[in-house]
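# Chain and residue survey
Given next are the chains, with one letter for each unit.
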Amino acid sequence: MVEVEFDNGSHYNLSAEYLRIYSPAVDSKIRSVGGEKVISGRRHVGIMSAEPIGNYGMRLLFDDLHKTGIFTWDYLYHLGSDKFTLMRNYIKTLKKHGLSRDPPRRK
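In this report, we go over the structure that sits alongside the text. (Residues numbered from 1 in each chain as written. Predicted model: local features only at pLDDT ≥ 70, side-chain atom pairs only at ≥ 80, totals over all residues. Heavy atoms only, no water.)

The phi dihedral of Leu65 falls on the positive side, at around 75 degrees, and the residue is not glycine. Among the structural elements, Leu65 can be located in the loop between strand S6 (57-62) and strand S7 (70-72). (Helix = DSSP H or I, 4+ residues; strand = E, 2+ residues; numbered from the N terminus.)

Glancing now at helix H2 (residues 73-81). Those residues of H2 not exposed but buried are Leu76, Leu79 and Gly80. All buried residues of H2 fall inside an arc of 100 degrees around its axis, so they share one side. Taken together, the buried residues of H2 touch strand S1 (2-5), strand S2 (11-14), helix H1 (16-21), S6, S7 and helix H3 (83-96). (Buried < 20%, exposed > 50% of the residue type's maximum accessible area, 1.4 Å probe, protein only. Arc of directions from axis to C-beta. Contact = heavy atoms within 4.5 Å.)

Taken as a whole and judged by the stated rule, the model has six aromatic pairs. Note on Tyr12 and Tyr77: the rings are 5.9 Å apart at their centroids and 80 degrees apart in plane angle, and the pair reads as edge-to-face. Linking Tyr12 in strand S2 with Tyr77 in helix H2, this pair joins segments that are 65 residues apart in sequence. A relative accessible area of 31% means that Tyr77 is categorised as partly exposed. Joined through ring pairs, the aromatic side chains of Phe6, Tyr12 and Tyr77 make up one cluster. (Phe/Tyr/Trp six-rings, centres within 6.5 Å; stacked < 30°, edge-to-face > 60°.)

Looking now at the pattern of salt bridges. Pairing is possible between side chains of opposite charge, provided their charged atoms come close. This model, assessed by the stated rule, comprises five salt bridges. Across the pair Arg42 and Asp64 runs a salt bridge, and its minimum N-O distance is 3.0 Å. You can see Arg42 sitting in the loop between strand S4 (36-38) and strand S5 (47-53) and its partner Asp64 sitting in the loop between S6 and S7, a full 22 residues away along the chain. Residue Arg42 is classed as buried on the basis of its relative accessible area of 14%. For Asp64, a relative accessible area of 18% puts it in the buried group. Between Asp102 and Arg43 there is a salt bridge, and its shortest N-O distance comes to 2.6 Å. Taken together, the residues span a long stretch of sequence, with Asp102 in the segment after H3 and Arg43 in the loop between S4 and S5 at a distance of 59 residues. Arg43 sits in the partly exposed class, given a relative accessible area of 33%. (Salt bridge = Lys/Arg side-chain N within 4 Å of Asp/Glu carboxyl O.)

Have a look at this one:
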């Protein structure tokens, strides 16, 4: 969970899963399904570290080793202020393509 607070008083708690699926980086674990790019199976992903990038954002290292996206403060504000709509749309997209937030079960 990442907690961000802005000068205007806005305060958001953003889960690791949410930040991972909305990472601003291109990612090899994205599935292109019907022209849509979808990241699935990240319900239990964690954040291993956060590194400030200048004054404009931060880089997160997730425990699935994804680390290439820089989350700007403007982007984090967008993710916080639109969290419920974005998450609802994400879940709808997963259902539409028969995918899950849960990681695949090992055989």
